[in-house]
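# Structural overview for review
Now for the letters of each chain:
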Amino acid sequence: MSTPDTEVSHPTPTQSPETLRHNYLAHALEGGLFIGGMAFVNATTLLPTVVKSLGGDTWLISLMPIMMSVGFLLPPIFTAHWIQRLTRYMPLLIVTGLVQRLPYLLAGAALVFATTDTPSLALAAVVLAPFISGFMGGISVTAWQQLFANTVPENRRSSLFAWRYIGASLIGIGAGYIVKSVLKSYPGAMGYGILHFCTFASVMASYAVFVLLREPRVAVPPAAHGVGLIQNLAAMPALVRNDRSFLLFLLARFFRNGINVLTPFLAIHCQMVLGKSESYLGQLVVVQMVGAILGNALSGYVGDRLGGKITMLMGTAVLVVLSAWAPIASTSVEFQIIFFLFGFGFFASEVGNMSLSLEICRQQNRSSYLAIGSLINLPAMLLASWASTVLWEPHHRFGMLAGLTVVCLSSSIVALLPIRDPRLIREKQFSTDSDGRAAFPSESAEIDV
């Protein structure tokens, strides 16, 4: 079997320039509103503190930064064979997208109406909202990835991921000030409930934009019509064995989750060192979002021109720096710079990660590749959460959390370095192969939408 280094993938289905612009803008707005809405209940800065204030155990606190992701990561492996049979993805995504957003409305209500007699109800609502939302999204996430690949040209994906995150970051800056104001006026469960309502409003606005996407009709029929769940699962190990670049990418993704060792207790450690109140978290959210804007802007520009690998490397390297710095920081300025770097590094790394995941997967069985790529994060995240809990209790050993994070992120960089960027290789092939150039239809050609 050939490797992605030499394999030519199918191009994005041809769309009219007007449809390309429409879908590009819709993807950007939808992503910005959805991801930005999560800033009101920021999983790394706010939710661990919320769970702590509601009486949650340390192990539960350590899970909060990854709770939505855990929900996302398991379903794709069981739905990939089914999604590969679909000829259109929007009908499924419209249904799951609506159900995915409802838990934040229910969590907000549970918190606002919580009483001293029902603290466990409020805690359960806060913990389950991101998990249920993630699980519903996970059922159809590979369908969304296929839709994204079919509506956005390969050389525009990095910038589009960046614009989605920039929009989210701008909302996040405003969310930071709102978080600070709300928690100052309504401390405790009432304030947290209001913030969950803000999240629900934003993600429903994203849903209204999402339904406006125009899905192209793909000329090539979907693969694996006769493949069932068991056969598809049995075939997945061979996909990894026979594809060295994909295997290295999986290792890079696995170790990149080392950042989840540090993040559950980063804001808590900051509060402990500085002696700040919960409202200070709003300031940290603001500087984190400013860093995210700059990280996304740079990674989008670089990624469209040089591919996803370089931006993933750049962002991960920044995460190594802040992880090494955090244990020795002692002033408000230092911690604000650290959260700035966290926003910059995390989103730059994420733009590269998302772009490279689509570039490195073969067109044939792409849903299976994407499902494997998602699943590898699950054990990594759970291990990171477990390690975070063990190292934090009972003596708050933040330095050990940071040290393990540095080791894991450095291992991710080592795995990334040997990968030959698949998009740049394909572009080089087609620039020297006239037959290859002819295989790409003109973007001005019309297509049924």
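Attention in this report is confined to the structure presented alongside it. This is a predicted model, so every value here is computed, not measured.

A separate point is helix α17 (residues 366-375). Each full turn of the α-helix corresponds to 3.6 residues, which orients residues three or four apart in the same direction. The buried count for α17 comes to 9 of 10 residues, which makes it a mostly enclosed element. All of the buried residues in α17 are Arg-366, Ser-367, Ser-368, Tyr-369, Leu-370, Ala-371, Ile-372, Gly-373 and Ser-374.

On to the pattern of salt bridges, then. Under the counting rule described, the total for this entry stands at 4 salt bridges. Residue Arg-256 pairs with Glu-350 through a salt bridge whose shortest N-O separation is 2.6 Å. Of this pair, Arg-256 sits in helix α11 (residues 244-256) while Glu-350 is found in helix α16 (residues 332-360), placing the two residues 94 residues apart along the sequence. One network of salt bridges, in which partners are shared, links Glu-30, Arg-101 and Arg-164.

Enumeration according to the criterion identifies 9 aromatic pairs in this entry. For the ring pair Trp-144 and Phe-148, a centre distance of 5.2 Å and an interplane angle of 40° mean the geometry is tilted. Of this pair, Trp-144 and Phe-148 both sit in helix α7 (residues 119-151), separated by 4 residues, roughly a single helical turn. A single burial state applies to Trp-144 and to Phe-148, both of which are buried.

On to the packing of helix α5 (residues 76-83) against helix α10 (residues 229-241), then. Taken N-terminus to C-terminus, the directions of α5 and α10 make an angle of 115°; their axes are 9 Å apart at the nearest point. With respect to each other, α5 and α10 are oriented roughly perpendicular. α10 is crossed by α5, and the crossing has right-handed handedness. From α5, Ile-77, Phe-78, Ala-80 and His-81 reach across to α10, where they touch Leu-229, Asn-232, Leu-233 and Met-236. Along the lines of polarity and charge, the residues of the contact of α5 with α10 split into 6 nonpolar, 2 polar and no charged.

Two numbers describe how α11 lies on helix α19 (residues 398-416): the axes approach to 7 Å, and their chain directions differ by 165°. Taken together, α11 and α19 sit at an angle that is classed as roughly antiparallel. In this structure, α11 crosses over α19, and the sense of that crossing is left-handed. Together, Leu-248, Leu-251, Ala-252, Phe-255 and Arg-256 of α11 and Cys-408, Leu-409, Ser-411, Ser-412, Ala-415 and Leu-416 of α19 make up the contact between the two elements. The residue makeup of the contact of α11 with α19, split by class, is 8 nonpolar, 2 polar and 1 charged.

In this section: the environment of Ile-178. Within the secondary structure, Ile-178 is located in helix α8 (residues 157-185). On the basis of relative accessible area, Ile-178 is assigned to the partly exposed category, the value being 35%. For Ile-178 and Leu-195, which are 17 residues apart along the polypeptide, the C-alpha to C-alpha distance reads 8.4 Å. Contacts of Ile-178, omitting those with residues within four sequence positions, involve Phe-40 and Leu-195.

Judged by side-chain polarity, Val-95, Leu-98, Val-99, Leu-102, Leu-105 and Phe-197 come together as a nonpolar surface patch covering roughly 440 Å² of accessible area. Of the residues forming the nonpolar patch, the biggest block, 5 residues, is contributed by helix α6 (residues 90-112). Among the secondary structure elements, Val-95 is positioned in helix α6. Taking relative accessible area as the criterion, Val-95 reaches 54% and is therefore assigned exposed.

What follows covers the nonpolar core. One finds Val-51, Phe-161, Leu-195, Phe-246, Ile-372 and Leu-401 to be the most contacted residues of the largest nonpolar core, which totals 126 residues. Top element by residues in this core is α16. It accounts for 12 residues. If we skip the residues at most four places from it in the chain, Leu-401 touches Val-261, Leu-262, Phe-265, Ala-387, Ser-388, Leu-391 and Trp-392.

Now for the side chain of Arg-101. Relative to the helices and strands, Arg-101 resides in helix α6. We classify Arg-101 as buried; its relative accessible area is 4%. Of the polar contacts made by the side chain of Arg-101, one reaches the backbone oxygen of Val-203; its length is 2.7 Å. When sequence neighbours within four positions are dropped, the list of residues in contact with Arg-101 reads Glu-30, Phe-34, Phe-200, Val-203, Met-204, Ser-206 and Tyr-207.

Relative to the helices and strands, Val-287 is located in helix α14 (residues 280-306). With 50 residues separating them along the chain, Val-287 and Ile-337 place their C-alpha atoms 7.6 Å apart. Non-local contacts of Val-287, meaning those with residues more than four positions away in its chain, are made with Gln-336, Phe-339 and Phe-340.

Thresholds, definitions, all that
- Residues numbered from 1 in each chain as written.
- Predicted model: local features only at pLDDT ≥ 70, side-chain atom pairs only at ≥ 80, totals over all residues.
- Heavy atoms only, no water.
- Buried < 20%, exposed > 50% of the residue type's maximum accessible area, 1.4 Å probe, protein only.
- Helix = DSSP H or I, 4+ residues; strand = E, 2+ residues; numbered from the N terminus.
- Salt bridge = Lys/Arg side-chain N within 4 Å of Asp/Glu carboxyl O.
- Phe/Tyr/Trp six-rings, centres within 6.5 Å; stacked < 30°, edge-to-face > 60°.
- Axes fitted to C-alpha atoms, helices over the stretch in contact; angles between N-to-C directions.
- Parallel < 35°, antiparallel > 145°, perpendicular 65-115°, else oblique.
- Left-handed = near helix turned anticlockwise from the far one by under 90°.
- Contact = heavy atoms within 4.5 Å.
- Nonpolar A, V, L, I, M, F, W, Y, C, P; charged D, E, K, R; others polar.
- Patch = residues over 30% accessible without salt bridge, like charges linked within 9 Å, V, L, I, M, F, W, Y side chains within 5 Å.
- Areas by Shrake-Rupley, 256 points an atom, 1.4 Å probe, with all protein chains shown as cover.
- Core = buried A, V, L, I, M, F, W, Y, C linked by side-chain atoms within 4.5 Å.
- Polar contact = N/O pair within 3.5 Å; in protein donor to acceptor, adjacent residues only side chain to side chain.

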